[in-house]
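Descriptive analysis of the structure
So you can see what is in the structure, the chains are spelled out below.
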Amino acid sequence: MTNANLAALSAAGVSVWLDDLSRQLITSGGLAQRMSTYSVVGVTTNPAIFQSALADSSAYESALTEAVRESRDVDSVVRALTTADVRDACDVLAGVYEATDGVDGRVSLEVDPRLADDTARTITQAVELSEAVDRPNVMIKIPATEAGLPAITEVIGRGIDVNVTLIFSADQYRKVAQAYIAGLEKAAQAGHDLARIHSVASVFVSRLDTEVDSRLPEDSRLRGTAGLANARLCQDVYEEIYAGDGAFTELARRGARPQRLLWASTGVKEPAYPDTMYVSGLVTYGTVNTMPFATMEAFADHGALEGDTVRGTGEASRATLDALRAEGIDLDEVFGLLERQGVEKFVTAWDGLIDTVRSRVDEIPSGS
């Protein structure tokens, strides 16, 4: 039976994506069940998700042995395992992809986070990952770092769909949107069908509150307000870029689609806050909310919709950020710190994933 709360969220125009993936989730039918029960129409992954999946599951034994037969190089084995999971998840979601004309039914796979400051190698690996998965509904995740922005343009220009990750501010999101539009222009020059190119921009929410709250007094009324206000301002930038008469207008006439906003890092980290605040507080049509399963279950149990909680909130959101600045919070410094920390966390998780796989490869005798 379809959960009424998540069905209502979907009906409000928010695509429900699951921020989790494992081989067991696919083979057990768990992913398909969450699609039917929780209105899931997409999946996002990151190095931490794969690290957890491979460390805790025996479901990879046969796949691991098969990958080792091809190569004992750990990076190659990791790529074989992760692309196989994403490919199989793409197949599970293929019907959604077809039914939504490519808007949903998406599965994201991230480039090696150690390449976050290397434009050329990010481009090369994005192409390789897209070809390795070999499914039309895969999205390649590229971080919104200084080096990542030109990579986004180039990869979009080659007709490859991109999930831009690690966005922490409205100004950073504006640069991401500009990189996407520049990519569409390159794609048009190369003869790609613009209507077939899709992208999402992943704005991280809870991490901002965690950092800002740590700098505020315990009794501050501004605690827990930065994340939602900042994300809502990204919607204002979206409206300016895609609804106005700007660079995107001519591309839209040729079939180009706006780059949808995706709300990421929506699991609540502060126990005192409502566990669904980054879902109920970011309801507006044409967006995506990717949730860890605990958040999805919480919303299914007691999530509430209060209409559109994003559009029309620009003035109040700017006032909130201005109030934080007045309290001495250097938001620009916070945004930069979170981007660096975001890359570092993914690199740490990637290194953990490599170590996990290496230990398991070493257990497999040569010639197995």
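Below is a short write-up of the structure.

Each value, and the rule that gives it
- Residues numbered from 1 in each chain as written.
- Predicted model: local features only at pLDDT ≥ 70, side-chain atom pairs only at ≥ 80, totals over all residues.
- Heavy atoms only, no water.
- Axes fitted to C-alpha atoms, helices over the stretch in contact; angles between N-to-C directions.
- Helix = DSSP H or I, 4+ residues; strand = E, 2+ residues; numbered from the N terminus.
- Parallel < 35°, antiparallel > 145°, perpendicular 65-115°, else oblique.
- Left-handed = near helix turned anticlockwise from the far one by under 90°.
- Contact = heavy atoms within 4.5 Å.
- Nonpolar A, V, L, I, M, F, W, Y, C, P; charged D, E, K, R; others polar.
- Pairing = 2+ DSSP bridges.
- Phe/Tyr/Trp six-rings, centres within 6.5 Å; stacked < 30°, edge-to-face > 60°.
- Buried < 20%, exposed > 50% of the residue type's maximum accessible area, 1.4 Å probe, protein only.
- Lys NZ or Arg CZ within 6 Å of the ring centre and 35° of its normal.
- Polar contact = N/O pair within 3.5 Å; in protein donor to acceptor, adjacent residues only side chain to side chain.
- Expected span 1.5 Å × (residues − 1).

A closer look at the packing of helix H12 (residues 226-243) against helix H16 (residues 314-326)
Interaxial distance between H12 and H16 falls to 9 Å at its minimum, and their mutual angle equals 135°. Put simply, H12 runs oblique to H16. Considering the relative orientation of H12 and H16, their crossing is left-handed. Listed contacts from H16 to Ala226, Ala229, Asn230, Arg232, Leu233 and Asp236 of H12 are Gly314, Ser317, Arg318, Thr320, Leu321 and Leu324. Broken down by class, the residue content of the contact of H12 with H16 amounts to five nonpolar, four polar and three charged.

Structural notes on the sheet that holds strand E3 (residues 106-110)
Within the closed barrel, the eight strands sit side by side as E1-E2-E3-E4-E5-E6-E7-E8. Their pairing is parallel. Adjacent strand axes in the sheet meet at a mean angle of 30°, parallel and antiparallel pairs treated alike. The pairing of strand E1 (residues 14-18) with strand E8 (residues 287-291) spans five bridges and is classified as parallel. In the sheet register, Ser15 faces E8, and the bridge partner there is Val288. Together, E1 and strand E2 (40-43) form the strand contacts of helix H3 (residues 30-38), whose direction differs from that of E2 by roughly 135°.

Some words on the packing of aromatic side chains
Counted under the stated rule, the structure contains four aromatic pairs. Seen in terms of ring centroids, Phe168 and Phe204 are 5.4 Å apart; in terms of plane orientation they differ by 50°. Their pairing is tilted. A residue pair is termed long-range when its members are at least 10 positions apart, and Phe168 in the loop between strand E5 (162-167) and helix H10 (170-189) and Phe204 in strand E6 (residues 199-204) qualify at 36 residues. Take Phe168 and Phe204: they sit in the same class, and that class is buried. Both rings, one in Tyr242 and one in Phe248, keep their centres 4.9 Å apart while their planes meet at 90°; by these two values the pair is edge-to-face. On the basis of relative accessible area, Tyr242 is assigned to the buried category, the value being 11%. Under the relative-accessibility criterion, Phe248 is labelled buried at 4%. Geometry around Phe293 places Arg34 over its ring, the cationic atom sitting 3.6 Å from the centre. Cation over ring: Arg311 sits above Tyr285, and NZ or CZ is 3.7 Å from the ring centre.

Observations concerning the side chain of Glu211
By the secondary structure assignment, Glu211 is in helix H11 (residues 206-213). A polar side-chain atom of Glu211 sits 2.9 Å from a polar atom in the side chain of Arg215. Those residues in contact with Glu211 that sit more than four places away from it in its chain are Val334, Leu337, Leu338 and Gln341.

With respect to helix H17 (residues 331-362)
The end-to-end C-alpha separation of H17 is 46 Å, in line with the 46 Å expected for 32 residues at 1.5 Å each. Where H17 begins, the capping side chain belongs to Asp330, and its oxygen is found 3.3 Å from the backbone nitrogen of Asp332.

Considerations on unusual backbone geometry
Backbone geometry at Asp134 places phi at a positive 55°, although glycine is not the residue there. By secondary structure assignment, the location of Asp134 is in the loop between helix H8 (119-133) and strand E4 (138-143). Judged by relative accessible area, Asp134 falls into the exposed class, the value being 54%. The backbone of Ser265 shows a phi angle near 55°, a positive value even though the residue is not glycine. Its place among the elements puts Ser265 in the loop between strand E7 (260-264) and helix H14 (277-280).

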